[in-house]
Amino acid sequence: MISVGARATAGRRRGRKRSPKPIEVQFRTIVSPHQLNSPWGRRVYWLVLAAVLVLFTLAFVFPLYWMATGALKTPEELAQMPPTLFPADPTPDAFFEAWDLFDIGTLLVNTVWYSLGGWAVCMAVDVSAAYALSKLRPAFGNVILGMMLATLMIPAMVILIPLYVTVVDLGLLNNPWALWLPAAANGFNIFLLKRFFDSIPRELIEAAQIDGAGPVRILRSVVLPISRPILGVVSIFTIVTSFKDFVWPLLVMTDSDKMTISVGLSQTAGAVTQNQVMGGLLITSIPMVIVFFIFQRHIMAGLTAGSIKG
């Protein structure tokens, strides 16, 4: 005889639903995990990885190496076929000759001045716009942001003529503002800054408002100090773009004493030897390398900031 208590317990067991087993998600790949974990699989994996890294490194570094070694060669050795990978008799004379022939000192001062001024104007405009769209929430803010991003779809050459006509009408030829104003409003920079500002907790803004801080004080004392990573990214984008721009400075900076480094080198390149051109190019590459090392630790942090909320 089965007792009443045993029957009740069996009934509860039959009525109890078993929790479903977790579903294992399997990803289909070219190489199975079993093959990858085998001795030959690991060897092939590291071999392919090393080959890819070496090829991509050579693709990016070899032009710089060719430029540096070309400046150390004589014009005859640089022009000979087949070319040599290493200079037979390296000499640094091309660097000193390029400095004098291209007047690189004046060109560098002009370019640095244009880059720093463009950076200051761009940061003032883009940070203010991104802060307003992210924290002040104006009417039709999403529509305004969408229109800004839509400008990224327009090729720069399409607006080159109307932009040049506008600069001429304003009398800004051979004026630094002809370079600073067109680059001030950048939809991509505004988008990056806004995404980062969106990730800033709302509680920090509300706490500052309770303490009596206004929008400008909040931007200066709360938002900007914790936005250094994305400010570094936007800074390096702006400075590099201003430093390497060629077509627009060629149109609006026609005086030889006001040219940028890229325009000045192109204007004189036909009258000097190739190794002197290589020497001038290598000298003008040094400032960008310095800028990269200054902002390198902010690049990845700024690009990934704001992408994940939580």
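As shown above, the structure is provided for reference.
Here the structure is a predicted model, which means the values were calculated and not measured.

*Asks:* With reference to specific residues and values, describe the overall build of the protein.
*Replies:* Along the backbone of the protein there are 16 helices and zero strands. With the model as given, the accessible surface of the protein reaches about 20500 Å², and the carbon-plus-sulfur share is 69%.

*Asks:* An account of helix H10 (residues 187-198) is needed here, citing residue identities and associated values.
*Replies:* Taking 1.5 Å of rise per residue, the 12 residues of H10 would be expected to cover 16 Å, and the 16 Å separating its terminal C-alpha atoms lies within 8% of that figure. Most of H10 is tucked away, with nine of its 12 residues classed as buried. Those residues of H10 that sit buried are Gly187, Asn189, Ile190, Leu192, Leu193, Lys194, Phe196, Phe197 and Asp198. Here H10 starts with a cap whose side-chain oxygen sits 3.0 Å from the backbone nitrogen of Phe188, and that cap is Asn186.

*Asks:* Can you explain the environment of Pro215? Please cite residues and give values.
*Replies:* Locating Pro215 in the fold gives a position in helix H12 (residues 215-223). With relative accessibility at 46%, the residue Pro215 sits in the partly exposed group. If near-sequence neighbours (up to four positions away) are discounted, Pro215 is found in contact with Tyr131 and Leu136.

*Asks:* Summarise helix H9 (residues 177-184); cite the residues concerned and give the values.
*Replies:* Listing the buried residues of H9 in full gives Ala178, Leu179, Trp180 and Ala184. Where H9 is buried, its residues meet helix H6 (104-136), helix H8 (160-169) and helix H14 (247-252).

*Asks:* Tell me about the packing of H6 against H9, and please be specific about residues and values.
*Replies:* In contact at an axis separation of 8 Å, H6 and H9 are set at 35 degrees when each is read in the N-to-C sense. Seen along the crossing, H6 lies across H9 with a hand that is right-handed. Between H6 and H9, the contacting residues are Trp113, Tyr114, Gly117, Gly118, Val121, Cys122, Val125 and Asp126 on the first element and Trp177, Leu179, Trp180, Ala183 and Ala184 on the second. By residue class, the composition of the contact of H6 with H9 is 10 nonpolar, two polar and one charged.

What counts, and at which threshold
- Residues numbered from 1 in each chain as written.
- Predicted model: local features only at pLDDT ≥ 70, side-chain atom pairs only at ≥ 80, totals over all residues.
- Heavy atoms only, no water.
- Helix = DSSP H or I, 4+ residues; strand = E, 2+ residues; numbered from the N terminus.
- Areas by Shrake-Rupley, 256 points an atom, 1.4 Å probe, with all protein chains shown as cover.
- Expected span 1.5 Å × (residues − 1).
- Buried < 20%, exposed > 50% of the residue type's maximum accessible area, 1.4 Å probe, protein only.
- Polar contact = N/O pair within 3.5 Å; in protein donor to acceptor, adjacent residues only side chain to side chain.
- Contact = heavy atoms within 4.5 Å.
- Axes fitted to C-alpha atoms, helices over the stretch in contact; angles between N-to-C directions.
- Left-handed = near helix turned anticlockwise from the far one by under 90°.
- Nonpolar A, V, L, I, M, F, W, Y, C, P; charged D, E, K, R; others polar.

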